[in-house]
Amino acid sequence: MNGKSKLFYPVLLLLLVLLWAGNLAYGTVSIPLGEVIRILSGEPVEQAAWQHIVLQSRLPQAVTALLVGASLAVSGLLLQTLFRNPLAGPSILGISDGANLGVALVMLLGGGAVGLSSIFSVGGSLALIVAAFAGACSVLGLIIYFSTKVRSNVMLLIIGIMVGYIASSLISMLNYYASSDRIHAYVMWGMGDFSSVSNERLPFFILCTLIGLTCALLLIKPLNALLLGERYAANLGVKIKRTRILILLCTGLLTATATAFCGPVSFIGLAVPHIARLTLGMENHRMLLPVTMLIGSCMALLCNLLTVVPGMGTVFPLNAVTPVLGAPVIIYVILNRKNIQSIN
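Presented here is an overview of the structure given in this document. (Residues numbered from 1 in each chain as written. Predicted model: local features only at pLDDT ≥ 70, side-chain atom pairs only at ≥ 80, totals over all residues. Heavy atoms only, no water.)

**What to know about the overall build of the protein chain**
We count it as follows: Strands are runs of DSSP state E lasting at least two residues, helices are runs of H or I lasting at least four, and both sets are numbered from the N terminus onward. To get the radius of gyration, use the C-alpha atoms; to get the globule rule, take the number of residues to the power 0.38 and multiply by 2.2 Å. Working definition: with a 1.4 Å probe on protein chains only, accessible area under 20% of the residue-type maximum means buried, over 50% means exposed, and in between means partly exposed.
From N to C terminus, the protein chain includes 15 helices and 2 strands. A compact globule built from 344 residues should have a C-alpha radius of gyration of about 20 Å, and the protein chain, at 21 Å, falls within 12% of that. Counting only C-alpha atoms and orienting by the principal axes, one finds that the protein chain spans roughly 65 × 55 × 35 Å. Out of the 344 residues belonging to the protein chain, those deemed buried represent 50%.

Printed below as a string of structure tokens:
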């Protein structure tokens, strides 16, 4: 680690703290910064509603954004390393589409079981989370099964894309027969949202995310070996098939958790690994993976801040903001792919 690389951690941590504080202090309701600090320190404030907004809404939302950003960024990095494809992302294997299909079955085909009046209630939203997680895990299990039958990562990537197309096709059929109000509710869910994780669900969300991120950190050595190619990695003692399954399990858990609780959040998993590579100028996962986590958290917190419309008391959909930050990065990577390949 050179002197320049050592500066990234304190700078990113400082940026993370500033964005974290911004998410707690800024929102559709104007709350003085001093009052926010008093609420976090447990002191009484002038208005009880402010305490509820900070502790019950903004705090869990900031935690969710931080962890989802890290999860999706790490998932994108793992898949880009596994498939050696700069455009691989968390949605590339159809895992996100599986979660979308699970939610579509509940919202578009639920009938009287989950009516529109209860979709966004406690029981209804819990049903959506369970359905999304079940759909994502089902597709993940299917992809892992195919990974035992197919030796080529390229073929596995194609199978994942085809599975995603099948799930999207089934969703289109459900949309065709669903009522307009149900379609509208499903579209709103598909725009992404960091505010759907309540304090009651936060411990389970944090546990699933931390398990996935810990597993990713334990895969640093085989990930570095895969940079040399599968044949060289096998000569170094890496068990390719087992490593591939572990990477799929790790990315599947992170993607399924993020999508189930927050909807399909776009571009963070695709763009952040490239930002980390361009920032560091290296592919060593011992540095790249932690920096990717931090940048992913920073980008998610920044996107959450940008969703708030100043002075209007309204909020943009999350997926209306993430492409604004992510798409230029992908365009830059495509236009400068020869120079970026020299980083490897």
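**Remarks on the layout of surface pockets**
Rule in force here: The rule is simple: put a 1 Å grid over the protein atoms alone, call a set of points where a 1.4 Å probe fits but cannot get out a cavity, call an open set with protein on both sides within 12 Å along at least five of seven lines a pocket, and count a residue as lining if it has an atom within 4 Å of a point. Grid points are joined across faces, edges and corners, and a volume is the space filled by probe spheres set on the points. By the convention adopted, Pro, Cys, Tyr, Trp, Phe, Met, Ile, Leu, Val and Ala count as nonpolar, Lys, Arg, Asp and Glu as charged, and the other residues, Gly among them, as polar.
Put simply, the second largest pocket is a space of about 420 Å³. For the lining of the second largest pocket, the elements supplying multiple residues, two or more each, are α3 (48-83), α4 (95-109), α6 (153-177), α11 (240-262) and α12 (268-280). By residue number, the principal contributor to the lining of the second largest pocket is α6, which donates 5 residues. A per-class count over the lining of the second largest pocket returns 12 nonpolar, 13 polar and 1 charged.

**Thoughts on the nonpolar core**
Worth spelling out the cut-off: To form a nonpolar core, buried Ala, Val, Leu, Ile, Met, Phe, Trp, Tyr and Cys residues must be joined to one another through side-chain atoms within 4.5 Å. Every residue pair with non-hydrogen atoms within 4.5 Å of one another is taken to be in contact.
In this structure, Val74, Leu93, Tyr186, Phe194 and Leu248 are the most contacted members of the largest nonpolar core, which totals 99 residues. Among the elements that line this core, the one with the most residues is α3, at 17 residues. The residues touching Leu93, leaving out its near neighbours within four places in the chain, are Leu79, Phe83, Val139, Ile143, Leu156, Leu157, Gly160 and Leu248. Of all hydrophobic cores here, the second largest spans 5 residues; its members include Leu270, Val329, Ile330 and Val333.

**A look at the packing of aromatic side chains**
Formally: Classification of ring pairs rests on two measures: the distance between centres of Phe, Tyr or Trp rings, Trp counted by its six-membered ring, which must be within 6.5 Å, and the angle between planes, read as stacked under 30 degrees, edge-to-face over 60 and tilted in between.
The final tally for this structure, using the stated rule, is 5 aromatic pairs. Ring centres 6.3 Å apart and planes at 45° place the aromatic pair Phe204 and Phe261 in the tilted group. In this pair, Phe204 is assigned in helix α8 (residues 202-218) and Phe261 in helix α11, connecting sequence segments 57 residues apart. Each member of the aromatic cluster is reached from another via a ring pair, and the members are Phe204, Phe205 and Phe261.

**Points about a nonpolar patch on the surface**
Rules: Within the patch definition used here, like charges are joined within 9 Å and nonpolar side chains (Val, Leu, Ile, Met, Phe, Trp, Tyr) within 5 Å, considering only residues with over 30% relative accessible area and no salt bridge. A 1.4 Å probe and the Shrake-Rupley method give the accessible areas. Residues count as covered only by the protein chains that appear here. Counted as salt bridges are all cases of a side-chain nitrogen of Lys or Arg within 4 Å of a carboxyl oxygen of Asp or Glu.
A grouping of Val154, Met155, Ile158, Met162 and Tyr165 is seen on the molecular surface, where their side chains present a nonpolar patch of about 490 Å² in accessible area. You can see Ile158 is positioned in helix α6. What makes Ile158 partly exposed here is its relative accessible area of 40%.

**A closer look at α11**
Spelled out, the test is: Working rule for helices: expected span equals 1.5 Å times residues minus one.
Counted at 1.5 Å a residue, the expected span for α11 with its 23 residues is 33 Å, and the 32 Å between its end C-alpha atoms agrees. Most of α11 sits inside the fold, with 17 of its 23 residues counted as buried. After α11 finishes, the residue Gly263 shows a positive phi value of roughly 85°.

**Observations regarding α4**
End to end, α4 covers 20 Å across 15 residues, agreeing with the expected 21 Å (1.5 Å per residue, within 8%). With 13 of 15 residues buried, α4 is to be regarded as a mostly interior element.

**Looking at unusual backbone geometry**
The bulk of non-glycine residues show a negative phi, and the bulk of peptide bonds are trans. Despite not being glycine, Arg84 has its phi angle at roughly 55°, a positive value. Residue Arg84 is classed as partly exposed on the basis of its relative accessible area of 39%. Of note, the phi angle at Phe267 is positive, near 75°, even though the residue is not glycine.

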